[in-house]
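# What the coordinates show
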Amino acid sequence: AEVPAFGGRSFMRRLAFASTAAAGGVAWLSQDYQSGPARTARSLCCGVAIGIDYKVAGRLPHGSDEHVAAMREAHERGAQRLLALCRAHGGLYNKLGQYLASMTSALPPQYTSTLSACQDRAAPVALVEVRETVETQLGAPLASLFAEFDDAPVAAASLAQVHRAVLSDGRSVAVKVQYPRVAGQVASDLGSMRLLSALAEAAFPGAGYGWIIGEFEASTREELDFRKEAANAAACAALFAAEPRVHVPATDPSLSGERVLTMEWVDGAKLDDPAALLAAGVQPAEVAPLLTATFSAMVFEHGFVHCDPHAGNLLARRMPQAGARDGRGGGGGGGGGGAQLVLLDHGL
């Protein structure tokens, strides 16, 4: 997209003042990555730096080789700055990075390719924080809720991490626990993002990216309430109840709440890992038409769609025998033999 040239001396004076104020705030709170003021100041500094970069590039004759090269370099620097900000803050910012990385049709490729790094495993929180969240949400000591609870998470994403646990009846379950600081940071982080979006719209009125934060905020608020995810999972499972080749792990309402979700443990191979698929006895050629048919049914038949189908949320396994226990060999399906698609994470 074309970026307008400088908006006049008064705008540049305001921009310089904002940059200086933001830089001072970041310097003052340079070691604080958790409080709202520090995160807002750091975000503002990043946004102003990116904006100035584009303003400088916009001074060059539009369409010239120099302008094209300058814009390409501004995209690259802006993407790197934004990635550093997302990694420094984590939580909602990391989620924003993932969201932007998926927008290949709307953003320059430098942003989508660079921010795809936000899809890597996030830094987990300590078990003591996980224990506090689980016990507060479920109203009982961790040891009385689960016969076993692994200290280390098996997965750590932007908003939550997942631990493997065992129930008193011997069933393995996955326990998804929201990071304790996320809920308290949501209001200030979304406020910072709205502020940056408004400033970007004022500085670059022709860019047309103002809608992004509104969409992101709406989807994020949905994801933060795990009770909605449990309801979505149940609805999706009902849609495919007669299709044994598709499985949605069952949730346990008695061990779930707004920030904790306990669900059936399922072993499977990620769809983007051909070696793991073959090791699980699943041919990639079996999975491709099954994946296409499943999402086509959601879109064209049911009108209820899993909206976060990245590789980490899609598994495949051999269809388990009917009545088999535990996610290693059961929890759905009927018969065995063919490939089965497992749909995880129904927050969206």
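Residues numbered from 1 in each chain as written. Predicted model: local features only at pLDDT ≥ 70, side-chain atom pairs only at ≥ 80, totals over all residues. Heavy atoms only, no water.

## Here we look at the packing of helix α2 (residues 36–58) against helix α8 (residues 182–203)
We count it as follows: Between N-to-C directions, angles span 0 to 180 degrees; the directions come from axes that are lines fitted to C-alpha atoms, helices contributing only their stretch in contact. Numbering goes from the N terminus for both helices and strands, where a helix is a DSSP run of H or I of at least four residues and a strand is a run of E of at least two. Each angle gets one of four labels, with under 35 degrees taken as roughly parallel, over 145 as roughly antiparallel, 65 to 115 as roughly perpendicular, and the rest as oblique. It is the rotation of the near helix from the far one that decides the hand of a crossing: anticlockwise by less than a right angle makes it left-handed, clockwise makes it right-handed. By definition in these notes, contact holds between two residues if any of their heavy atoms fall within 4.5 Å. Ten residue types, Ala, Val, Leu, Ile, Met, Phe, Trp, Tyr, Cys and Pro, are classed as nonpolar, four, Asp, Glu, Lys and Arg, as charged, and the remainder, Gly among them, as polar.
Contact pair α2 / α8: the axes reach a minimum separation of 10 Å and the direction vectors enclose 20 degrees. In terms of orientation, α2 and α8 fall into the roughly parallel class. In this structure, α2 meets α8 at a crossing whose hand is right-handed. Packed against α2, whose contacting residues are Gly 36, Arg 39, Thr 40, Ser 43, Leu 44, Gly 47 and Lys 55, the element α8 presents Gln 185, Ser 188, Asp 189, Ser 192, Leu 196, Leu 199 and Ala 203 at the interface. Considering only residue class, the contact of α2 with α8 consists of 4 nonpolar, 7 polar and 3 charged.

## Section: the packing of aromatic side chains
This is how it is decided: Each pair of aromatic rings taken from Phe, Tyr and Trp, with Trp reduced to its six-membered ring, is defined by centres within 6.5 Å and is described as stacked if the planes are under 30 degrees apart, edge-to-face if over 60, and tilted in the remaining cases. Relative accessibility under 20% of the residue-type maximum defines a buried residue, over 50% an exposed one, and the middle range a partly exposed one, all with a 1.4 Å probe and only protein chains included.
This model, assessed by the stated rule, comprises 3 aromatic pairs. Considering the side-chain rings of Tyr 54 and Phe 204, the 6.3 Å spacing of their centres and the 85 degrees angle between planes classify their relative orientation as edge-to-face. You can see Tyr 54 sitting in helix α2 and its partner Phe 204 sitting in the loop between α8 and α9 (211–223), a full 150 residues away along the chain. Like Phe 204, Tyr 54 is buried. Each ring, one from Tyr 99 and one from Phe 216, has its centre 5.4 Å from the other, and the planes form 50 degrees; the classification is tilted. Residue Tyr 99 is found in helix α4 (residues 92–101), and its partner Phe 216 is found in helix α9; the two are separated by 117 residues along the sequence. In this structure, Tyr 99 and Phe 216 share a single accessibility class: buried.

## Describing the environment of Tyr 179
Stated formally: Pairs of N or O atoms are called polar contacts if they sit within 3.5 Å, as long as, within protein, a hydrogen donor faces a hydrogen acceptor (for residues adjacent in sequence, only side-chain-to-side-chain pairs).
Here Tyr 179 lies in the loop between β4 (172–178) and α8. Tyr 179 gets classed as buried once you look at its relative accessible area, which sits at 8%. When the C-alpha positions of Tyr 179 and Thr 133 are compared, they lie 8.2 Å apart, and in sequence the two are 46 residues distant. Leaving out residues up to four positions away in the same chain, Tyr 179 has contacts with Ala 122, Ala 123, Val 125, Ala 156, Ala 157, Ser 158, Leu 159, Ala 160, Gln 161 and Arg 259. Within the local environment of Tyr 179, its side chain forms a polar contact with the backbone oxygen of Ala 160, the two atoms lying 3.3 Å apart.

## Thoughts on the pattern of salt bridges
Convention followed: Salt bridges are defined as contacts in which a side-chain nitrogen from Lys or Arg sits within 4 Å of a carboxyl oxygen from Asp or Glu.
Counted under the stated rule, the structure contains 14 salt bridges. The partner of Lys 176 in a salt bridge is Glu 229, with the nearest N and O atoms 2.9 Å apart. Linking Lys 176 in strand β4 with Glu 229 in helix α10 (residues 226–239), this pair joins segments that are 53 residues apart in sequence. When its relative accessible area of 5% is taken as the criterion, Glu 229 is described as buried. When the shortest N-O distance is used, the salt bridge between Arg 318 and Glu 286 registers 3.0 Å. Taken together, the residues span a long stretch of sequence, with Arg 318 in strand β8 (residues 314–318) and Glu 286 in helix α12 (residues 284–302) at a distance of 32 residues. Using a relative accessible area of 30% as the deciding quantity, one classes Glu 286 as partly exposed. Residues joined by salt bridges that share partners form a network here, namely Asp 53, Arg 77 and Arg 81.

## Brief notes about α9
Put simply, the rule is: Expected helix span is given by 1.5 Å per residue-to-residue step, counting one fewer step than there are residues.
When the terminal C-alpha atoms of α9 are compared, their 19 Å separation across 13 residues agrees well with the 18 Å that a helix rising 1.5 Å per residue should span. Listing the buried residues of α9 in full gives Ile 212, Ile 213, Phe 216, Glu 217, Ser 219, Thr 220 and Glu 223. Buried residues along α9 sit in contact with α4, α8 and α10.

## Points about the sheet that holds strand β7 (residues 269–270)
Here is the rule: Two strands pair if DSSP finds at least two bridges between them.
Judged by pairing direction, the sheet is mixed, and its 4 strands sit side by side in the order β5-β9-β8-β7 without closing on themselves. What marks the edges here is a single partner per strand, and that holds for β5 (246–247) and β7. In this structure, β8 lies alongside strand β9 (residues 339–343), joined through 5 bridges in antiparallel fashion. Of the residues in β9, the one forming a bridge with Leu 315 is Val 342. Packing against the sheet, α12 makes contact with β5, β8 and β9, and its axis sits at approximately 45 degrees to β9.

## Details of the nonpolar core
As a reminder of what qualifies: Among the buried residues, those of types Ala, Val, Leu, Ile, Met, Phe, Trp, Tyr and Cys that are joined through side-chain atoms within 4.5 Å form a nonpolar core.
Residues Leu 100, Tyr 111, Leu 115, Val 134, Phe 146, Val 175 and Met 193 are the most contacted members of the largest nonpolar core, which totals 54 residues. By residue number, the principal contributor to this core is helix α3 (residues 65–89), which donates 8 residues. In this structure, Val 134 is in contact with Gly 139, Leu 142, Leu 145, Phe 146, Val 177 and Val 260, ignoring residues within four places of it in sequence. Within the second largest apolar cluster, 12 residues are counted, among which are Cys 236, Leu 290, Phe 295 and Leu 341.

## Re the confidence of the model for the chain
The criterion, for reference: Every residue is assigned a pLDDT by the predictor, reflecting its confidence on a scale from 0 to 100.
Mean pLDDT over the chain: 87, with 87% of residues reaching 70 or higher. The model gives residues 1–6 a pLDDT under 50, and that stretch makes 19 contacts with residues more than four places away or in other chains. Confidence drops under a pLDDT of 50 for residues 326–335, and excluding neighbours within four residues, the segment shows 39 contacts in the predicted structure.

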